[in-house]
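# Coordinate inspection notes
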Amino acid sequence: MTGQLKPRTRAVHAGTRRSQYGEVSEAIFLTQGFVYETAEAAEARFVEAGPDEFIYARYGNPTVAMFEERMAALEGAEDAFATASGMAAVSGALMSMLKAGDHVVSARALFGSCLYVLEEVLTRFGVEVTFVDGTDLEAWAAAIRDDTAAVFFESISNPTLQVVDIDAVSKLARDKGAKVLVDNVFATPVWSKALVQGADVVIYSTTKHIDGQGRALGGVILGTQEFIRKTVEPYMKHTGGSMSPFTAWVMLKGLETLDLRVRAQTANATAIAAALAEHEKIARVIYPGSNNHPQHALVARQMGQGGTVLSIDLNGGKDAAFRFLNGIEVGVISNNLGDAKTIMTHPATTTHQRLPQDQKDALGISDGLVRISVGIEDETDLVADILRALERV
C-alpha cells in the first residue's frame, strides 16, 4: 500500500510501529539495550536478528527504524541508515565503501566539512581524490577512470548554488562501474528524486529541512538494501555514528510537515529573488529558480523548482555584507539552513572560512556573498526586512 501513496502521505505514515497501547504519535523507545526471554533467544538474535528484533541501540532501535523506513519510502530507496549528524552520514557513506588505493572524483564546490573529509581524511588513508568543476561534464568524463570507485557531489552546491546534472554524471560513472553518491540537502526530498535520476546513494543532513525547526542534529544514508545493510551498517554500528531514539522521534515529527514547509519556503525564496533582481546594491542574485541562473534549464528538468536557498553578492564586500546582516530584524544570523526561520550566513567568515583565498575565489565565495536560507515567515515581511537592511549598506 505504501508504494501507491503520494510522497506527502508517506512522510506522515510510512514505517509506523505501534505498541500495545495504540499511541497516535510514534513512541520514543529510550533504551540502549533489549531483554531476551532466554539465553537461546539471545544467541539466535546475535546470529541473525529478525525484521522487528533489536540488539543494542548502536545497531538499531524501534524509533530509529521507523524513521529509516519512512525516509526510504519517501525517497523511493530500498533501505536507509540514520546517523548522528549529516557529516556522520557523508563520512560514513564514503569511509564504509572505500579502501586504500581507491579513486574518488568529486565536485570542487562543497560544504567546508565535506571538503575536509575528502581532502584530509580520505587521502590520509590512501584514497586518491580528484576534484572537478561539478557543472562541467567534460571535466567529469576526463576525471572518471576505469578504477574510479565513487563520484561524490552536492546536487546544489553550498553556498554558490551550482547545480550538478545528476543524470548525466551518473551515466558517466556507471559506464566506468563507479558508485554515485549525492549530498542532496539543498534540493530536499520534496524537489529532487536523485535515485530515479541515476544516483546510487543519497545523503541528507536531516538537521536541515527534515527537522527544519532547529532542534537536533541528524543524518541519513539511502540506497540499496545490500549497500545499507552489508556496507554501511557494519561500519556505522562499530564506529558509533548511529542516530539516537529521541533524535529519530524529532525527525519523524519533522517529516510530517516537510512538504508543506519546503513548498512555503520555496515560494518565499522565489519572491525574494524576484524582489532583489535589479537592486543597485547587489552585484548578483544567485537563485536556481530564476531565469538568469546559468543552469536554469537543468533546474527545471531536474527539480522543477528552485529550492529554499538563495545567495546575494553585495557591492562593497565584507563591510557591506556585515552592515546588511546587522540590519536584519526578521531573519537571524546563524550557519544552519532549511529552518522554518529565515537564516542568513556570511560563508567567507563562517562555514567556508578555513579555505585559502584562492579556493574561495575559485568557488565564487566573495567577501560580499551572503547565503539566505528562507523560512516560512510571511513573504511581505521577509521582503520588507531585507529591503530595509539593504538601506544600511
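Up top is the structure.
In this report, the structure presented in the accompanying data block is examined. (Residues numbered from 1 in each chain as written. Predicted model: local features only at pLDDT ≥ 70, side-chain atom pairs only at ≥ 80, totals over all residues. Heavy atoms only, no water.)

With 89 residues, the main nonpolar core has Phe67, Leu98, Trp140, Phe153 and Leu181 as its most contacted residues. With seven residues, the top contributor of residues to this core is helix H10 (residues 245–276). For Phe153, the residues in contact, after removing those within four places along its chain, are Ala107, Leu110, Trp140, Val164, Ile166, Val169, Val180, Leu181, Val182 and Asp183. In this structure, Phe324, Ile328, Met344 and Ala389 belong to the second largest nonpolar core, which totals 24 residues. (Core = buried A, V, L, I, M, F, W, Y, C linked by side-chain atoms within 4.5 Å. Buried < 20%, exposed > 50% of the residue type's maximum accessible area, 1.4 Å probe, protein only. Helix = DSSP H or I, 4+ residues; strand = E, 2+ residues; numbered from the N terminus. Contact = heavy atoms within 4.5 Å.)

Bringing the sheet that holds strand S6 (residues 201–205) into the picture now. The strand order across the open sheet formed by seven strands is S1-S7-S6-S5-S4-S2-S3, and the pairing between neighbours is mixed. Two strands close off the open sheet at either side, each with one partner strand: strand S1 (79–83) and strand S3 (128–132). With strand direction ignored, the average angle separating the axes of adjacent strands in the sheet is 20°. When strand S4 (residues 148–154) meets strand S5 (residues 179–183), the two strands line up parallel, connected through five bridges. Note on S5: the bridge partner recorded for Phe153 is Val182. Its contacts with the sheet place helix H3 (residues 62–75) against S1, S6 and strand S7 (219–223), and it is angled at close to 130° to S1. The strands touched by helix H9 (residues 225–239) within the sheet are S1, S5, S6 and S7, with S1 carrying the most contacts at an inclination of about 20°. (Pairing = 2+ DSSP bridges. Axes fitted to C-alpha atoms, helices over the stretch in contact; angles between N-to-C directions.)

Okay, unusual backbone geometry next. In this chain, Asn158 is followed by Pro159 through a cis amide linkage whose omega measures 10°. Tracing the backbone shows Pro159 in the loop between S4 and helix H7 (166–175). One non-glycine residue, Thr188, lies in positive phi territory at about 70°. Relative to the helices and strands, Thr188 is located in helix H8 (residues 188–191). Using a relative accessible area of 1% as the deciding quantity, one classes Thr188 as buried.

Attention now goes to the sheet that holds strand S10 (residues 332–333). Sheets are built from strands paired through backbone hydrogen bonds, the pairs being either parallel or antiparallel. Taking strand neighbours across the sheet as the criterion, the five strands line up as S8-S9-S12-S11-S10 in an open arrangement whose pairing is mixed. This sheet does not close on itself; its edge strands, each paired only once, are strand S8 (282–286) and S10. Packing against the sheet, H10 makes contact with S8 and strand S9 (309–314), and its axis sits at approximately 20° to S9.

In the contact formed by helix H4 (residues 86–97) and helix H5 (residues 112–124), the axes pass within 10 Å of each other and the chain directions differ by 35°. The two elements H4 and H5 meet at a crossing, and its hand is right-handed. Contacts between H4 and H5 involve Met87, Val90, Ser91, Leu94 and Met95 on the former and, on the latter, Ser113, Cys114, Val117, Leu118, Val121 and Leu122. When the residues that make up the contact of H4 with H5 are grouped by side-chain class, the tally is nine nonpolar, two polar and no charged. (Left-handed = near helix turned anticlockwise from the far one by under 90°. Nonpolar A, V, L, I, M, F, W, Y, C, P; charged D, E, K, R; others polar.)

Here the focus is helix H14 (residues 379–391). One turn of the α-helix equals 3.6 residues, which is why residues spaced by three or four share an orientation. For H14, built from 13 residues, the straight-helix expectation of 18 Å at 1.5 Å per residue is met to within 8% by its first-to-last C-alpha distance of 19 Å. For H14, the set of buried residues is Leu382, Val383, Asp385, Ile386, Ala389 and Leu390. One side of H14 holds all its buried residues, which, seen down the axis, span an arc of 160°. Opposite its buried face, H14 presents the exposed residues Thr380 and Glu391, each directed more than 90 degrees away. Where H14 is buried, its residues touch H10, S8, S9, helix H12 (317–327), strand S11 (343–345) and strand S12 (369–373). (Expected span 1.5 Å × (residues − 1). Arc of directions from axis to C-beta.)

In this section: the pattern of salt bridges. Tallying each qualifying case throughout the model produces 22 salt bridges. Each of Glu68, Asp79, Arg229, Glu233 and Lys237 takes part in one network of salt bridges that share partners. (Salt bridge = Lys/Arg side-chain N within 4 Å of Asp/Glu carboxyl O.)

Most of S1 is tucked away: five of the five residues are buried. Burial along S1 is two-sided: the residues Asp79, Phe81 and Thr83 and Ala80 and Ala82 are all buried. Across five bridges, S1 lies against S7 in antiparallel orientation. Of the residues in S7, the one forming a bridge with Ala80 is Leu222.

Attention now goes to a nonpolar patch on the surface. Judged by side-chain polarity, Ile28, Leu30 and Phe246 come together as a nonpolar surface patch covering roughly 300 Å² of accessible area. Tracing the sequence through the fold places Leu30 in the loop between helix H1 (7–13) and helix H2 (39–47). Since its relative accessible area comes to 64%, Leu30 is described here as exposed. (Patch = residues over 30% accessible without salt bridge, like charges linked within 9 Å, V, L, I, M, F, W, Y side chains within 5 Å. Areas by Shrake-Rupley, 256 points an atom, 1.4 Å probe, with all protein chains shown as cover.)

Attention now moves to the side chain of Ser192. Tracing the backbone through its elements, the reader meets Ser192 in the loop between H8 and S6. In this structure the side chain of Ser192 is engaged in a polar contact, spanning 3.1 Å, whose partner is the side chain of Asn184. (Polar contact = N/O pair within 3.5 Å; in protein donor to acceptor, adjacent residues only side chain to side chain.)

Scope: geometric values only; no functional claims are made or implied.
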